[in-house]
Structures are given as structure tokens and as C-alpha cells.
Amino acid sequence: MERKAHYDSILDRSKRITWQGDCYVDLQSTPCCVISKGEKEDTGWIQKHQHPLQRFMTTEFLVEVMSHMRTKDMLSAVEEAQVKAAGPLQDQVNVLASILTSKDPQGSDALQAFMENSDSQVSQLIVMHDPMVKEHKEVLQQRYDAQKDRDSVGHPSLSVSSRALLLVDGLSDLQQKEHDVMQVEATRGGRRNHLRQLGFTKLMDPLTRVSVNPRVSLTVGVAGIGKTTLIRHFVRQWTQGAICTDLSFVLPFSFWELNSLDKLSAERLVKLAFPHLTDPSLVLSGSCRTLFILDGLDEFRCPLNFADAATCTDPKREVSIDDLVTNIIRGNLLPGAAVWVTSRPAVASLIPAGLVDRVTEIPGFSAKDIQTFLNHCLCEKEFASKIWAHLEAHKFLMVMSYIPCICWIVVDTLKYLLQSGWQDSLPRTCTELYAHFCAMKAEASEPRGREPVKMEQVHGNNRRLLGSLGRLAFYGLLKHKYTFSEQDLRAYGVDLPSTQSSLGAGVLVREETAVSTAYRFTHLTVQEFLAATFYHVSSKRAIFDLFSESAVSWPKIGFQNHFRSAVQHSQQADDGHLDVFMRFLTGLLCPVAAKPLAGLLALGKDDGNQKAWAAGFLQGLLASGGAVVSLRAVNIAYCLQEVQHTELLRSVEEGLRAGSLGGTLTRAHCVVLAYLLHVSPECSEETNLTASLNYATVKCLLPQLLYCSSLRLENNHFKDDVMELLGSLLSGKDCLIQKISLAENSIGNKGAKALSRALLVNRTLTTLDLRSNNIGSKGARFLAEALKMNQVIVSVNFQNNTIEEEGAQALAEVLLSNRKLVSLNVQKNSIGADGAKRIAEALKTNRTLTNLILCSNQLGDKGTVALAQALTVNHTLLSLHLQSNSISNKGMTALTKALKLNRGLVSLNLRENSIGVQGAKDMAHALQANSSLQDLDLTANLLHDEGVQAIAGAVKVNQALTSLHLQWNFIKSTATKALAMALRSNSTMQLLDLQENAIGDEGVIFLAEALKINASLRTLCLQGVSAGKSGAVALGEALTVNNTLHTLDLRGNSVGMQGAKGLANALKRNRSLKSLNLQENSLGMDGAIFIATALKGNHQLTYINLQGNGIGESGAKVISDAIRTNSSDCVVEI
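Quick caveat: nothing in here was measured; it's all calculated off a predicted structure. (Residues numbered from 1 in each chain as written. Predicted model: local features only at pLDDT ≥ 70, side-chain atom pairs only at ≥ 80, totals over all residues. Heavy atoms only, no water.)

Draft legend 1. Here's a closer look at the layout of surface pockets. Considered as a void within the structure, the second largest pocket measures approximately 840 Å³ in volume. Residue lining of the second largest pocket: 31 residues in total, with Thr187, Arg188, Gly189, Gly190 and Ser684 positioned closest to the centre. Of all the secondary structure elements, the ones that give two or more residues to the lining of the second largest pocket are helix H20 (367–377) and helix H22 (395–400). Looking at which element gives the most residues to the lining of the second largest pocket, the answer is H22, with three residues. Residues belonging to the lining of the second largest pocket are distributed by class as follows: twelve nonpolar, 13 polar and six charged. (1 Å grid on protein atoms, 1.4 Å probe; cavity = no way out; pocket = protein on both sides within 12 Å on 5 of 7 lines; lining within 4 Å. Points joined across faces, edges and corners; volume = space filled by probe spheres on them. Helix = DSSP H or I, 4+ residues; strand = E, 2+ residues; numbered from the N terminus. Nonpolar A, V, L, I, M, F, W, Y, C, P; charged D, E, K, R; others polar.)

Draft legend 2. Up close: helix H48 (residues 1029–1039). Of the residues making up H48, those classed as buried are Gly1031, Ala1032, Ala1034, Leu1035, Gly1036, Ala1038 and Leu1039. The inward-facing, buried residues of H48 abut helix H47 (1000–1011), strand S28 (1047–1049) and helix H49 (1056–1067). (Buried < 20%, exposed > 50% of the residue type's maximum accessible area, 1.4 Å probe, protein only. Contact = heavy atoms within 4.5 Å.)

Draft legend 3. Here's a closer look at a nonpolar patch on the surface. The grouping of Ile543, Phe544 and Ile557 at the surface amounts to a nonpolar patch, some 310 Å² of accessible area in total. Inspection of the secondary structure puts Ile557 in the loop between helix H28 (524–538) and helix H29 (559–572). On the accessibility criterion, Ile557 (58% relative accessible area) is exposed. (Patch = residues over 30% accessible without salt bridge, like charges linked within 9 Å, V, L, I, M, F, W, Y side chains within 5 Å. Areas by Shrake-Rupley, 256 points an atom, 1.4 Å probe, with all protein chains shown as cover. Salt bridge = Lys/Arg side-chain N within 4 Å of Asp/Glu carboxyl O.)

Draft legend 4. Summary view of the pattern of salt bridges. Tallied over the entire structure, the rule returns 35 salt bridges. A salt bridge links Lys1012 to Glu1009, with the nearest nitrogen and oxygen atoms 3.2 Å apart. Take Lys1012: its relative accessible area is 31%, and that puts it in the partly exposed class. Relative accessible area serves as the criterion here: at 31%, Glu1009 is assigned to the partly exposed category. Counted as one network, the salt bridges with shared partners bring together Glu686, Arg712, Glu714, Glu744, Asp769 and Arg771.

Draft legend 5. Examining the sheet that holds strand S3 (residues 165–168) more closely. Reading across the sheet, the seven strands line up as S4-S3-S11-S5-S10-S8-S6 and stay open at both edges, with mixed pairing between neighbours. A strand with exactly one partner marks an edge of an open sheet, and here the two such strands are strand S4 (196–198) and strand S6 (249–254). Along the sheet, successive strands turn relative to each other by an average axial angle of 25°, direction set aside. Relative to strand S11 (residues 358–361), S3 runs antiparallel, the two sharing three bridges. (Pairing = 2+ DSSP bridges. Axes fitted to C-alpha atoms, helices over the stretch in contact; angles between N-to-C directions.)

Right, here's the structure in full:
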């Protein structure tokens, strides 16, 4: 009970913590021993021990102290009463300290004598805590500063401590079941879904105002990501008082250290690892906040058994090391201590999720980080750019470089090759890369002068070392063993002094602590590569199964039998731990990959037959297997890439690029397609499987589609049965899909129901496109129920799904409750006026939707009036599309009145509504008052000259509108003149579209005159406006003056040769026009030549269209060549 009271006293939230920024700050925690030595000598004992007195004092011990002070006449009855009346315990301690300090030196000396002679644990803590903490920090600082240079990556932004950890909700299935490299490849090195990012300094802090510090924290990361580096940096920062100042003791252990221990107590473990802590019982007492760091669970030789481990609650009791660790994590032992475990993801799942308070993940490098690493490590900028280009061309190398340790191997090796003159033959496979890496490390140990005798001696030593290390690596890999003792090295024939050679030190790392010494390979992939070299060489002469190290096995003679055995073992390994080994083994059959190791391995002669046989054998395996493509099957495709057998891979990639995979996908194709989802540039941003899949192929690819971020599955004739499969896909814990398009399929309400079930649990999907299916009103209701709960999706497209009024009502209910949806498309769904009314009513309270598309829905005036009423109060909707809804005067009157009040709408589409002249006039009045609308589309609305003149009058004064579409409105030159006059004073209009209006040359000339003055217009669309020679000449003259117009569209006019000549003269001087469309303008050969030669001095134009001008094929080639010669960056359509 006393110990519990101690612990409760230091967790008193009312006195101990306050909120600052994102986390709590401990008010009591101050860096220990901040007073200098000189100052301490002049300070009384009480002042020096003020902090531990407040922190560790208990009510019972305070009574004992006061009783003793009374007997020593250091405390009167009145003073004792004064102490007791002070209130909370800490206040009582302060009052007692003040009373005794006032009687210095006698009072302070009396208290010191009592504390130093007391056997109480409280007194020992008060006396010894600060000196012990100080000494412990000094020892750790000395121990970890020695590794500071080793942990440094040079550039501060790349340090593991500067990369925010990801707070995650447990481990994904991929992390628990797959090889580290496959985890990175399947997700393309992308970050998994996380709750939030957690700064390094807040790792052990509460997350919210009502939460407490985590007791058990788990940090996961693939091999080489920087877990141990993070631990070392954390310890260094803690010893300097920079973080976690409320921790009295940090006790870092590595699991490989614990491998050398058998049976011991918690106290003995601490004493063994930290001999300077003379009294471990004080360190482990509940009164001190202690952090146990257990680094590298994946390196522990003992499987943690939380179900059957013997319970231990006594820190003095000796138990087996695995039971000791289990009881510490479970909280049976040292329940007051915090525990921080690091591990590779697959092994981390051994700890029951219920015992872990916080799971964090270390993110790897991003593409930007890799580039920063390159630029920082390479002084030669040319080398940096060449290596970056090589990584871009070989995406699998880029993805693997997500892991910092592999990034170092890649960059170091490629730098060495560039310096050695290998610019034209850089590694194209991982096997080639690692072969060069090992050869580089071996070459560094070759003697200067390269005398033949010494060279042969070094080669011999390196061959023996590589052979014994390969054997160690292979059998370690089979046993999931990644750290080795000196005894292990001797057992496999490794000469210990040779491990200090350049090759040995390059592939093997020596770790040493007070507890033990161990060795590990530079990275897991280095162990796997060396294991493959051993198997490759040994399989050519072995007569027994190499996978049976000591057990009796059937004879197995010949390379092919051993290769089959390796493939079989790798395919049967559920955790994929032999995947990368298998890739290296296959890659070594490629002469280019094996060449760098010629002096280090007894490779023998290779006529290429084994490579061809292995490639054929592996390709045969692609067609066999279950109905679903597993990652084991995908690894076969990786093996084919390593052996450079890529015919099938290239075939499927070309089909994917061309969109021609439909009806051609066998199981072998599906396996290769799954591989391409990992590595192909075509799939990096968006995976387009339009018109490619059916039920069988979706089922086959399902597990691999999980990791695509954007998935297009359009026009695949999917029915409801496929949606059951895709529903399970979107429900998966590992699902990374953010965008999915299922447009133009045959999905009905049952398929919508399956999808809705998935949306209830999915937390990644942000964009859903169901356009042109057949979900109907019933399907819309199912999806609406899910959208009420889903708070991730921001964009939904229900276009052309016949959801009708009932579906619109369901979606209106979504808008009332959902606070994430920003875009809703219900175009062409026959929702009618009543459906619009439902949506409009929801808009009055909704404050998140910004884009609403209601085109072709028979809204009529009634529906428009309802929406107008909503716009008077809703100022968050930015874009409203009402095309083809039979809106007439009544609807326009209501809508324009609303626009006078609305302050949010930016874009309004009223195409094809026949609003007429009166509607245009109403809109003109609205534009004079409205200051938010920027994009207005009034195409095909029977405006005529009178209506457009009214609009032009508004444009003169409106300073918000930037885009105005007036196509198909029977506009003639009179209205065009009014628009031209408006453009002279308007300074905001950037796009004016007058297509298919008979404005003639006269109207074009008016616009040309305006262009000489206007400085805002960027795009002018004059397709089919009956422009001829004089209009084109006028535009040419305007372009010699205007320097802001970027796009001019004159399609379907009759400018002829003379008009082309006028425009050509302008192009020689104009420096702003980027796009010119003269399609179907009767230019003839001469007119086209004028344009082509004009480009000799114009390098701004990036697009020109001269199609349909009677030029002929031969003339087109001459002109096209001339344009490309004069303006190489210009796209020509002719």
C-alpha cells in the first residue's frame, strides 16, 4: 500500500501536469542536477534535496520525520501543528523545510543525519536519487556518444529523429504476414494510413487532456528503417535533459543482449547491464518513473509466450529470460515502469494487442528524401543526377531506397561504379547491385601495388570469408536468426580476425555491450544475398538437401534439383522470409550479375543453359497455383525480373499502357499484372484497368488491388457479384485505395448494398465514381445510409443512375448529417422538382458541400426556386451546375434575386435552359450587385442581341467575373460591339466564349479593337462566327499590340490565305499567344506556309492546329517539318 501511495503521489494530475500545445508538460520535472558543483557546496542540505523531498515523501514518513525532529528539539508542537495545517502533502513538506532551514545549520544537519541513517526506502530515494540519476546519465552519455557518428546521416532533415512517427491503429495484415521488402514494394514505399503524426519529443506523452502516459509503447519498422538509431538518439537526448524530463531512469536493452542470458531476476538484470546502479531496488521502485527500452524483438531467440508464461511479481525472483520479459510487458513485474519495445512488424504481433497502449511506425524516406540524400552524399552533382535518373528508370530500386539502410547501399555502390567508369552498365537488378556492393567491399582490402602473390592471398582470404559468411547467413535465415555470437561464427568456420577486414567489416557489424557481444549483417538483404551465394555455389556439388543442415535427407544431386527445392521452400513459407533470398538465387544465374563476384566465388563455367531452364521453370509456375494471386506468386515475377526474363512482363505492361488487356488475362498474366502494380510507372499514380477485367480476374487480383491508391475499373461490365468482391476489398484493414471509379458498368442495387457495407468500415476512400450504372433509388438509399456514417469520402458521383426523387431525398438526408462531403454529382437522374426541393432544404443547414451538379434532372422553375431560396442562406456552396433543366423566367427571377444576396457561389452553369432575353436582363441586374461569381455559363439560352447587350452592360461594372460562355445564343455584331466596349474597361475577364454566333467580320473587328486596350483576357473562343479575311487581319493587328492573350480559337471560319497572312505577320511579333486553332479555315497551302514561316521568330507558341485546310499530305509534311524546325516545342496538328 505504501508503494502505491508513492506512485499515486507522483501521478497527482492536479499538481503535476498542465496542457501545452499537443501534450502535457510535467511541472515537477526539471532536469536533475542543474546546479553547478560550486553552488552546491554553498547550499544547505535541504535546499540541495528540495526536489526529492517533495517527490518521494509520504504521509507516514513525514510523521516519522517530525517525531524525530521533536525529539531533537528542532521542531516545536506549534510548528508541527503549523506543518499539519498546511494542507496537501507537498505543502506540508515545503513548510517543514522552511522551518528547518530557518534553523540552519542545526535544522538541516539534523534532517540530513536522520535521512542518511534511516533504513526506509523513502529516505534512501531522497538521499540517493539525484546522484544516481546524474551518474546514470553520464554513463549512458559516454556509452551512446561513441556511436553518434555511426548514427549520423549528415543532413538534419534525414535524421530518424526529425521524421515524425506515425501513430497507427495496430498492425496491418501485410505487416504481420509478409517480408519487410515485400511490405515496402506492395505499398510502393508509401505511408500506411495513420491516426496522426507524433513528434519524436512527444513519444511518451499523453495524447489528449484526459489520457495518461502510455505504459507499453510499441514502435515498428522494417529492417534498416532506423529503429535502433531512434533508440540511441532518444537516450542521448534524454541524458542531455532535452526530452522526457519526468523520467528518472531510462534503461535501454537490446534483445540480442538478452539472448546470452538464461535465468535471472529483474534486479540482477539491471545490475548486470548497469553496474553503476548500486541499488537496483531503488531504480525499480514504483516511486521512480523508469522506462525500460527493449530494442529489436525480432532478434530475440526465445518466442514470447504470453498465454503460458509463469507469473512473476517479485523483482528479486529469478525466472527464465523469456518469462522475465513477458512479465515486464504484461505488467506483473514493475507495473509502475513504462516499457518501450521496438520490432520488425511481423514479430511485433507476438505481443497481444490488449497489452499495448500505443503503436507507432517509423516512416521511410520519401522520393524527396532520397534526392536530398543523394545531393548531400555526392559532391559530384553529375553523379547525383545520373544516379537519380537511374533510380527513376528502375522503379524497384527507387522503392527499395525507401529503406534508409538500403538507400545507403544503393547510393554507395552506384557512386563507386560511376567513379570506376561503369557509367554505361549500371546495375539493372538487385542481384547485380549487391554483387557490386560485395565486390566493392572486397576490393577495398586489396593491397596497393597489387603484387600477384599478395593479390592471390587476399582473394583467397576473401573467398574463404565469403563462403563461411554465406553458410552462416543461409542457416541463420532458415532459423529466422539475424544476430550471431562469436561461438556461432566459429561454428560456421568464420575466422574472427578476418571479420575486421574490409570485406568482413563491410558486410558484418560487431555490437558490444556490458552484457554480451554479437554480430549481425549490415542489413537483412545483405544476409539474404550472401545466403544465396552460398546456396548457388553449394548446390552444384551438394548430394543432400541443403535445407536440412544436420538432419538426414534423401539424396539430392544436381543444381536443378536443388533449385526446385529452394523454390518449393520459398513458396511454402507463409511469412515470405525466403522471398528475397529466392530472387538473389535466381539473379545469380544471370552472367552479368555473377561477373563482379568471379574472383570471390567458385562459380564455374556457365553456358547459359541453367539460366534458360530456371526461367522456363519459373514461368511455368506462374500458370499454376490457386484462384487468387498471392504475394508468393508475385515473387516469382520478381525472380523473372532478376534473371532478366522479361518477355511476358513487357507484354502485359504494353497491354496495360495501351488499355488492351480485356479478354487476354490468364492466371500468368494476372500474376505479372500484380507485379506491375508494385513496380510499373503506369500504376504509380493511377491504376487504369478500364475494359480489362471480369469476375474471375478481379477475384484473382483481389489481394493485390488493396495497395493501389487510385483505381479505375470503368467499362468492365461488372455486375452485382463483382461488387461483393470489391466490397470485401474496400473493407480490408490493409486497404490503401483513396479513389475508385466504377463508371459505365452494370451495377444494380444489390451491388450498391455490398458497397455500402464496405463504406461503413472503410477509412481510406475519398472519391467514389459510380457514373452510368443502374443502382436506382434503392441502391441510392443503401449508399446514403453508409454516407451518413462515413466521414472520409469527400466526392461522390451518381450521374446517370436513375435514382429519382426517392434517391435525392436519401442524399438530402446525407447532407444534413455528413460533414465531409464536398462534391456531389447527381446529373441525369430524373430527380425532378421535388427531389431538388429536398436537396435545397438540406443546403440551408449544410456547410461543407462546395460542388453540386444537378444537370438534366427536369428541375423546372419549381426546383430552381427552391435552390434559389437555399442560396440566400448558404454561402459555402462554390459551384452549382443546372444545365438542361427547363428553367424559364420564373426560375431565373428567383435565382438572380438570390445571387444579389449570395456571397459564396463562384461558378454557375445554366447551359441549355432557354432563359431568354428577360432572364438575361435579370442576370445582368444580379451581376451588378454580386461580387463572388467568377464563372458564368449561359450557352444556348436564346439570349439574342438584346439579352447579351444587358449582360455586356453588367460586365462593364462587374469586377468579379473571369469567365463568360455565350455560345449558341443568336448573337450578332450589335451585341458583340457592346461586349467589346465592356472589355475596354473590364480588368478581370479572362475567358470569353462566343462560339457559333454569327457575329461576322464586323463583330470580330469590334473585339480586335478591344484587344488593343484590354489587358486581362487570356482566352478568346470564336469558332464558327462567320469570320473572314478582314476579321482575321484585324485580329492580327490587335495581336501585334496585345501581350496577354494566350489562346485564340478560330475554328470553322473562312479567314483564307489573306487572313492567314495577317495573322502570320502578328505571330512574328507577338510573344504571348501559346495556342492557335485555325482548323477548317480555307487557308490552302500558301496560307499554311505563311503561318509556318512566321514561327521562325516565335518560340512562345506551344500548340497550333491547321487541319482541314486543303493542304494535302505532302504539303502537310513540308509545313509540319518547317514548324518543328522553327519551333521544336510546338505541337502541330495538320
